[in-house]
Amino acid sequence: MSDLLNKSWPGFLRPDGRKGVRNLVLVIYTVECAQHVAHAIANGEEDVHVIGFPGCYDNAYAIRLMLALARHPNVGAVLSVGLGCEYTQPEKLAETVRASGRPAEWFFIQQSGGTKTSVAKGKELISRLREKIRQETPRVPMTLADLTVGCECGGSDGTSGLAGNPVVGAFFDLLVDAGGNAVFEETVEMIGLREHMLTRAANAGAKQQLAAAYDKAERYCRSVRQWSVSPGNFAGGLTTIEEKSLGAFAKGGTRKIQGVIRVAEQPREPGLWILDSVPDEHFMQFGYTNPNDTEGIMDLISAGSQIVLFVTGRGSVIGSPIAPLVKVTGNSATFRAMQEDMDFDAGRVLSGELTLPQAGRELAEMIVGVARGEASKPEALGHREYFIMYKHQKTPSLAEGCRA
Amino acid sequence: MSSRAFQIQANDNVATLLDDANAGEIEVTGASRDKIHSLEKISRGHKIALREIALNEAVMKFGVRIGHATKTINRGAWVHLHNLASDLDERSGTLDLHSGAPTDTNSAYV
């Protein structure tokens with residue numbers, strides 16, 4: 001085990017002290033109207049990813065989420081592109097990113113000319129930004145202790161709780177013991193586990209945070225009459241939300257939970273954390289919580305995850321910008337059928353080929369490989385799905401965003 | 001080779017099928033080692049009752065209550081949406097048994 005714990009690879013040191021496993025330029029659009037131009041700028045460009053917010057009316061949650069992604073350890077520089085009418089301000093995004101020491105540029109399409117002119121201008125800006133971070137970003141040694149890894153599950157079936165999630169749990173135990181951060185979310189998939197979850201709290205403060213997050217998730221589900229379980233889950237053999245929750249919670253491994261963070265917040269100390277992405281009650285009631293797997297992945301990346309694990313039983317073909325997504329399935333038949341998309345076959349635990357600790361260690365080795373620069377399957381396929389929407393969460397300070 | 005089912009905890013009254021199974025003998029592994037006669041076809045990932053479960057009795061998996069029986073479930077029967085419901089999710093009894101698709105929103109597609 002010690003060889004894995006000491007394994008080191010060169011990372012990218014950001015001016016704010018954080019360490020990344022990729023050196024990316026991020027293009028951010030601030031309204032749907034600028035979406036085409038933003039994607040055209042990034043099209044065909046190496047190490048350039050895109051995110052954006054479709055709304056014209058701004059939203060503090062969405063701005064904070066974009067700023068957390070813009071200042072992510074894997075991001076070296078940012079270009080924000082607006083149309084020119086919207087509330088969200090690309091200039092303020094760029095200013096906030098610059099304050100983190102990263103180079104950033106911005107422009108309004110309406111002030112640059114039309115589509116072609118704006119795309120040409122954007123391409124010139126990103127090529128300068130990319131050159132700058134390639135030349136100037138210091139390389140530093142990284143180990144597992146420097147990693148934050150998130151885990152999401154989607155397309156769960158009867159194998160997810162038996163193999164897929166427990167193998168991630170075994171890896172999370174190993175990562176936490178190495179001094180790293182492990183983050184998982186989906187409190188709406190902890191429904192039915194209140195007492196069990198509270199026994200995992202590291203201290204009284206964490207227990208209080210977990211109870212509050214659980215109670216809100218249950219109020220939310222009752223209020224919208226939607227529990228986080230879908231037709232595909234049923235077809236895969238899961239019958240109730242309680243059953244799905246038990247399987248989902250297995251990804252948290254066995255170590256104590258340090259506390260709860262919200263979207264765009266970073267873990268406050270090393271260890272295992274739960275991310276609460278459920279909206280807070282608000283004048284518009286709850287609104288909707290994450291409507292798909294991709295938004296959950298965005299939230300985990302906003303917590304600083306340099307790599308995200310995605311556990312699926314039935315299969316999935318999504319990826320993510322900014323942080324490579326590594327796909328784990330507990331269903332060997334799914335692994336064979338979707339081998340071009342699946343990174344890790346955790347179903348070998350069910351066939352008796354591997355023990356759970358062996359599989360956790362093998363997954364850790366794969367994560368180190370990805371951190372070192374090997375492309376995960378979704379990353380190599382060019383999957384860069386993202387999703388940022390309106391939501392309301394009370395977070396400590398709006399100064400973290402740009403509407404303060 | 002007979003199909004296999006995995007029992008997670010000793011007090012579980014259901015096990016998860018590791019292979020697709022027809023009616024017939026199933027080998028139980030995990031918390032106990034046993035053989036059970038499946039009464040019907042059960043797909044991989046789905047659950048089989050390890051003993052008779054009475055109406056309203058807790059269905060246990062992972063050693064935890066995952067809902068309650070909505071009718072008497074015989075030993076060896078498929079346990080799913082037709083005989084197990086969530087204690088919380090009032091929608092769980094309305095779903096199509098085979099596809100899991102909702103039936104309470106059918107009118108929305110008209």
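Since we're looking at a predicted model, the values are computed, not measured. (Residues numbered from 1 in each chain as written. Chains lettered and ligands numbered in written order. Predicted model: local features only at pLDDT ≥ 70, side-chain atom pairs only at ≥ 80, totals over all residues.)

Visitor: Is there a simple way to think about the overall build of chain A in this case?
Guide: Looking only at helices and strands, chain A features 14 helices and 14 strands. If one aligns the C-alpha atoms of chain A with their principal axes, the spans along those axes are about 60 × 50 × 40 Å. By the burial criterion, 59% of the 404 residues in chain A qualify as buried. Nonlocal contacts in chain A, meaning residues at least 24 apart in sequence, comprise 74% of its contacts between residues at least 6 apart. (Helix = DSSP H or I, 4+ residues; strand = E, 2+ residues; numbered from the N terminus. Buried ≥ 20, exposed ≤ 12 C-beta atoms within 10 Å, placed from the backbone. Contact = placed C-beta atoms within 7 Å.)

Visitor: Hey, could you run me through the confidence of the model for chain A in this one?
Guide: Note: predicted coordinates in regions of low pLDDT should not be interpreted at a detailed level. Overall, the predicted model of chain A reaches an average pLDDT of 92, with 96% of residues at or above 70. Per-residue pLDDT stays below 50 along residues 398-404 of chain A; that stretch engages in 19 contacts with residues further than four places along the chain or on separate chains. (pLDDT = per-residue confidence, 0-100.)

Visitor: Whenever I open this one, the interface of chain A and chain B confuses me. Can you help?
Guide: Many structure descriptions define interface size as the accessible area lost when the parts assemble. Of the residues lining the interface, 24 residues belong to chain A; the matching set on chain B comes to 28 residues. Looking at which element gives the most residues to the side of chain A that touches chain B, the answer is helix α9 (residues 231-235) of chain A, with five residues. For the side of chain A that touches chain B, the class distribution of residues is nine nonpolar, 11 polar and four charged. (Nonpolar A, V, L, I, M, F, W, Y, C, P; charged D, E, K, R; others polar.)

Visitor: What is the right way to read the sheet that holds strand β6 (residues 104-108) of chain A from this model?
Guide: Where strands meet in a sheet, backbone hydrogen bonds hold them as pairs that are either parallel or antiparallel. Residue and element names in this part refer to chain A. Judged by pairing direction, the sheet is parallel, and its four strands sit side by side in the order β4-β3-β5-β6 without closing on themselves. Each edge of the open sheet carries a strand with a single partner, namely β4 (48-52) and β6. Ignoring strand direction, the axes of neighbouring strands in this sheet form an average angle of 20°. Here five bridges tie strand β5 (residues 75-82) to β6, and the two strands are oriented parallel to one another. What sits directly across from Gly82, in β6, is Phe108. Relative to the sheet, helix α4 (residues 90-99) contacts β3 (24-29), β5 and β6, its axis offset from that of β6 by approximately 175°. (Pairing = 2+ DSSP bridges. Axes fitted to C-alpha atoms, helices over the stretch in contact; angles between N-to-C directions.)

Visitor: Which parts of the structure should I look at to understand the pairing of strand β6 (residues 58-61) of chain B?
Guide: Residues and elements named next belong to chain B. Judged by which residues are buried, β6 turns out to be one-sided: Val59 and Lys61 face inward and are buried, whereas Ala58 and Met60, on the alternate face, are not. Pairing of β6 with strand β7 (residues 64-69), which is carried by four bridges, proceeds in the antiparallel orientation. For Ala58, the partnering residue across the bridge sits in β7 and is His68. Hairpin connection between β6 and β7: a loop of two residues separates the two successive antiparallel strands, and Phe62 in this loop has a positive phi of roughly 60°.

Visitor: Looking at this model, I keep getting lost on the confidence of the model for chain B. Mind explaining?
Guide: On average, residues of chain B score 90 in pLDDT, and 96% of them are at 70 or above. For this predicted complex, the interface score ipTM comes out at 0.86, while the overall pTM is 0.90.

Visitor: I tried to follow helix α5 (residues 115-136) of chain A on my own but got confused; where do I start?
Guide: Think of an α-helix as turning once every 3.6 residues; residues three or four places apart then point the same way. Residue and element names in this part refer to chain A. Taking 1.5 Å of rise per residue, the 22 residues of α5 would be expected to cover 32 Å, and the 31 Å separating its terminal C-alpha atoms lies within 8% of that figure. Three or more residues of α5 are buried, namely Ser118, Val119, Gly122, Leu125, Ile126 and Leu129. Buried residues along α5 cover an arc of 135° about the axis, so they all sit on one side. Pointing more than 90 degrees away from the buried face of α5 are the exposed residues Lys116, Thr117, Glu124, Glu131 and Gln135. Lining the buried residues of α5 we find β3, α2 (35-42), β4, β5 and β6. (Expected span 1.5 Å × (residues − 1). Arc of directions from axis to C-beta.)

Visitor: So what exactly am I meant to see when it comes to the sheet that holds strand β13 (residues 325-329) of chain A here?
Guide: Residue and element names in this part refer to chain A. Strands sit in the order β10-β11-β9-β8-β12-β13-β14 across an open sheet of seven strands; the sheet is parallel. Every other strand in the sheet has two partners, leaving β10 (257-262) and β14 (344-345) as the edge strands with one partner each. In terms of strand pairing, strand β9 (residues 181-184) meets strand β11 (residues 271-276) through four bridges, oriented parallel. In the strand pairing of β11, Val183 is matched with Trp273. On the sheet, helix α11 (residues 293-302) packs against β8 (148-153), β9, β11, β12 (307-312) and β13 and is oriented at approximately 165° with respect to β8.

Visitor: Teacher, can you tell me more about the nonpolar core here?
Guide: Most often, soluble globular proteins keep nonpolar side chains buried together rather than apart. Judged by nonpolar contacts, the single largest core of 148 residues is most densely connected at A:Leu26, A:Val27, A:Met66 and B:Ile48. In terms of residue count, the dominant contributor to this core is helix α6 (residues 160-177) of chain A (10 residues). Excluding anything up to four places from it in sequence, A:Val27 contacts A:Ala38, A:Ile41, A:Ala42, A:Val48, A:Val50, A:Leu79, A:Val81 and A:Ile126. (Core = buried A, V, L, I, M, F, W, Y, C linked by C-beta atoms within 7 Å.)

Visitor: What is the right way to read unusual backbone geometry from this model?
Guide: Trans is the common state for peptide bonds, and a negative phi is the common state for residues other than glycine. All names here are of chain A. Positive phi is not limited to glycine here, since Asp47 has a value of about 60°. Looking at the secondary structure, you find Asp47 in the loop between α2 and β4. Although it is not a glycine, Glu186 sits at a positive phi angle of roughly 65°. Relative to the assigned elements, Glu186 resides in the loop between β9 and α7 (194-198).

Visitor: Whenever I open this one, the packing of helix α3 (residues 60-70) of chain A against α4(A) confuses me. Can you help?
Guide: Angle between the axes and distance between the axes: these two values describe a pair of packed helices. Residue and element names in this part refer to chain A. The contact between α3 and α4 brings their axes to 10 Å, and the two run at 40°. Taken as axis vectors, α3 and α4 run oblique relative to one another. In terms of crossing hand, the pair formed by α3 and α4 is right-handed. Here Met66, Leu67 and Ala70 of α3 come into contact with α4, specifically with Leu93, Thr96 and Val97. A breakdown of the residues in the contact of α3 with α4 according to their chemical character gives five nonpolar, one polar and no charged. (Parallel < 35°, antiparallel > 145°, perpendicular 65-115°, else oblique. Left-handed = near helix turned anticlockwise from the far one by under 90°.)

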